[in-house]
Every structure is written in C-alpha cells, then in structure tokens.
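Now for the letters of each chain:
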Amino acid sequence: MNDQPQIARDVATSTPLPPFAEPGVPQIRNINWPGTWALYQKEVRRFMKVQLQTVWAPAITTLMFLIIFIVALGGSGRTVSLNGEAVPFADFIAPGLIIMGMINACFANASFSLMVGKVQGTLIDYLMPPISVGELLFALAASSVTRAVFVGFALWLAMVAWPGVHVTPAHLWAVIWFGLLGTSFIAFLGVLTSIWAEKFDHGAAITNFVIGPLALLSGTFYSIDRLPPFFQGVSHANPFFYIISGFRYGFVAAADTNVVVGSSVLLALNLIFGALCYALLKRGWKIKA
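Residues numbered from 1 in each chain as written. Predicted model: local features only at pLDDT ≥ 70, side-chain atom pairs only at ≥ 80, totals over all residues. Heavy atoms only, no water.

(A) Seen up close, the environment of M159. Tracing the chain through its elements places M159 in helix α7 (residues 133-160). C-alpha separation for the pair M159 and D91, spaced 68 residues apart in sequence, amounts to 9.9 Å. Apart from the residues within four sequence positions on either side, M159 is in contact with L63, L66, A94, L97, I98, V165 and V167. (Helix = DSSP H or I, 4+ residues; strand = E, 2+ residues; numbered from the N terminus. Contact = heavy atoms within 4.5 Å.)

The following block contains the structure:
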C-alpha cells in the first residue's frame, strides 16, 4: 500500500466534487452582460448589413413626405397654431416626420426577429443561449431603438440641409426623452407582435391596420386644435399622439398637449407592454412547443 502514487492518495482523500446542476437550473445568478451584449450586437449587425434598405430607404421615403407637403400646401408661407403660437408649417411637420420614420423602423425591427425564427425554424437560437427572459427582451428592444435612432439621425441630417426647414432642438431633453419613451413603447409592441405572429402576413397586418393608421392620425400633418371636440378626444386616445406631440415640443417649444401628461401616458404604456412581453416570453406562449 505504501507504493501507491502520491496523486492517487491525494485524489482519494480530497473533497468530492459537487454534483452537476440539474438540467434547466441557471448557473449565472446575476445579469449575463456578455450574453446580452452578444445578442444586441447580433441584432444590430443584422439590420446594418442591409442598411441601405433598413436605414437610408425609410429616411428617404419619409423625406419625400416633407417635400410633397411643403410644395403642395405652400409650406413656405403657411403657419400652424400650437397653443396660440404660430409655427411655420415646415418646422411643424419636420419633427413629426422624423419620429414617424423612427416609429416605423423600430416596429419593423422588433416585429421581425422572433417571427422570422418561427418561419425559418431558427427560433431555438433565441431560446438556447444562457440568457434570461429579461435579458432577451432588453436586447431585442434595445436593438430596435438603436435602428430607430439611426433612421431619425439620418432624417435629421437631411432636413438640416433642406432650405426653409429649421430642426434645431429648442429642448434637447424633450427630444431625447420622448424619442426614447416612444421608440421603447413601439419596440415592446413590435416584440409582442413577433411573439403572436406565425407568418409574415400577420406582421404585415399589424403594420398596415394598426401602426400605419395610428401614425398618420396622430397629428403628424395637422394640429388637433382644428378638429371637432369628438375627434380631439379620439386623438387623445391615440398613444402615438403623445409621442409625436412631445417630440415636436423638443424642436418648436410648443405642443398640442401637456408634456407631463404625455410623459406619464408613455411611461405607463412602457411598463404595461414591457410586463406583458416579459410574461408571455416567460410562459413561452407561441414560442415553446
């Protein structure tokens, strides 16, 4: 017995190794920052590889609205009344078009990832990595907000160079605050659509029958002060109205509604839709077999 190797004696007398964790038991107890960052980068690189289609094309299309409305409605000499303040029509419509382009890009990105995974059979790539539901939701929403920021910045650069349009922020905090609140809400709405949709037609239906009408009827092209009282009430029930009104306030220092009320509504919507997305992802509704 004395001839046994020292290594064998050490192994025999050492403390036994802890057993392997049960399958499905998470071993990363805190936030998995590397995993979340990797998924965020993957989503950003996905739309940046085709940035001509995902960033610049929406910016150019939205810019066409500005040109058409200025030329068709004589925007160079026309003004719009916002709470008694006369705002040049071009300055009035430009911020609304910027945030509308951001909304469309944000929803398109957020509603694509999980839905295309279902269609192509690659949904497992989102479910297998060691990241929590909250980290998955954060990465999907943050990448969509990033795409919206890129589109908004491209639109802003184009409008800065356009003669007769003034898009210098009067309240930069409002531009950032309502831009982030608005696109975050749209990102959660897009993720919710991506969870529910089983094919591209479902996503297109939400875009055409929900996002499009709400964006166009939100006061982007007109002030709700000119609407009858009933339709003013309908406009106040449209969450897109608060996004566009608050974002416009950041540029022209005037809005159709109180910015505090708008912030409260958007914060509540972010909490509600964020919690709903988290609950559905946690449950695996239409995600896990």
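(B) Summary view of the pattern of salt bridges. Counted according to the given criterion, the structure contains four salt bridges. When the shortest N-O distance is used, the salt bridge between E43 and K42 registers 3.1 Å. Judged by relative accessible area, which is 0%, E43 ranks as buried. Each of the salt bridges in this network shares a partner with another, and the network as a whole consists of K42, E43 and R46. (Salt bridge = Lys/Arg side-chain N within 4 Å of Asp/Glu carboxyl O. Buried < 20%, exposed > 50% of the residue type's maximum accessible area, 1.4 Å probe, protein only.)

(C) Broad picture of helix α11 (residues 239-252). If you check α11, its first and last C-alpha atoms are 20 Å apart, about what 14 residues at 1.5 Å a residue would give, namely 20 Å. Of all the 14 residues making up α11, 14 are buried; the element is thus mostly covered by neighbouring parts of the structure. Put simply, N238 is the residue that caps the front of α11, since its side-chain oxygen is 3.0 Å from the backbone nitrogen of F240. The positive-phi residue at the C-terminal boundary of α11 is A253, with phi of around 60°. (Expected span 1.5 Å × (residues − 1). Polar contact = N/O pair within 3.5 Å; in protein donor to acceptor, adjacent residues only side chain to side chain.)

(D) Fine view of the packing of helix α5 (residues 113-120) against helix α8 (residues 172-196). For the pair α5 and α8, the least separation of the axes is 7 Å and the interaxial angle reads 15°. Considered as vectors, α5 and α8 are oriented roughly parallel to each other. Here α5 and α8 pass one another in a crossing that is left-handed. Together, S113, L114, M115 and K118 of α5 and S194, I195 and W196 of α8 make up the contact between the two elements. (Axes fitted to C-alpha atoms, helices over the stretch in contact; angles between N-to-C directions. Parallel < 35°, antiparallel > 145°, perpendicular 65-115°, else oblique. Left-handed = near helix turned anticlockwise from the far one by under 90°.)

(E) Fine view of the pairing of strand β2 (residues 85-88). Note: strand β1 (residues 79-82) against β2, four bridges, orientation antiparallel. Bridge assignment links S81 to a residue of β2, and that residue is A86. Once β1 ends, the chain turns through two residues before running back antiparallel as β2, passing N83 with a positive phi of about 55°. (Pairing = 2+ DSSP bridges.)

(F) Geometry of a nonpolar patch on the surface. A surface patch of nonpolar side chains, about 280 Å² in accessible area, is lined by I60, M64 and I68. Mapped onto the elements of the fold, I60 is located in helix α3 (residues 51-72). (Patch = residues over 30% accessible without salt bridge, like charges linked within 9 Å, V, L, I, M, F, W, Y side chains within 5 Å. Areas by Shrake-Rupley, 256 points an atom, 1.4 Å probe, with all protein chains shown as cover.)

(G) The packing of aromatic side chains, seen in detail. With the rule as written, the count across this model stands at 12 aromatic pairs. Arranged with centres 6.0 Å apart and planes meeting at 40°, the rings of F65 and F221 form a pair that is tilted. In this pair, F65 sits in helix α3 while F221 sits in the loop between α9 (200-216) and α10 (229-236), placing the two residues 156 residues apart along the sequence. For F221, a relative accessible area of 15% puts it in the buried group. Ring geometry for F230 versus F231: centroids 5.2 Å apart, planes at 80°, classification edge-to-face. (Phe/Tyr/Trp six-rings, centres within 6.5 Å; stacked < 30°, edge-to-face > 60°.)

(H) Just the confidence of the model for the protein chain, in detail. Per-residue confidence for the protein chain gives a mean pLDDT of 86; residues scoring 70 or more make up 88%. Counting contacts from residues 7-11, a segment whose pLDDT is below 50, to residues more than four positions away or on other chains yields two contacts. (pLDDT = per-residue confidence, 0-100.)

(I) Local environment of the nonpolar core. Counting residues in each nonpolar core, the largest one holds 82 residues, and the members touching the most others are L66, L114, M159, V165, I186 and F247. Broken down by element, this core gets its largest block of residues, 15 residues, from helix α4 (residues 89-110). Not counting residues within four places of it along the chain, the set of residues in contact with L66 comprises A90, I93, L97, M159 and V165. (Core = buried A, V, L, I, M, F, W, Y, C linked by side-chain atoms within 4.5 Å.)

(J) Structural context of the environment of S113. Assignment of secondary structure puts S113 in helix α5. Apart from the residues within four sequence positions on either side, S113 is in contact with E43, R46, Y126, L140 and S194. Only 3.2 Å separates the side chain of S113 from the side chain of R46, close enough to count as a polar contact.

(K) Focus on the side chain of T146. Counting through the fold element by element, T146 comes out in helix α7. Classification of T146 by relative accessible area gives buried; the value is 14%. Only 2.7 Å separates the side chain of T146 from the side chain of Y40, close enough to count as a polar contact. Those residues within four positions of T146 in sequence are excluded, and the remaining contacts are Y40, V44 and F47.

(L) α5, seen in detail. Within the span of α5, buried status applies to S113, L114, M115, V116 and G117. Once α5 finishes, G121 follows within two positions and takes phi at roughly 75°, a positive value.

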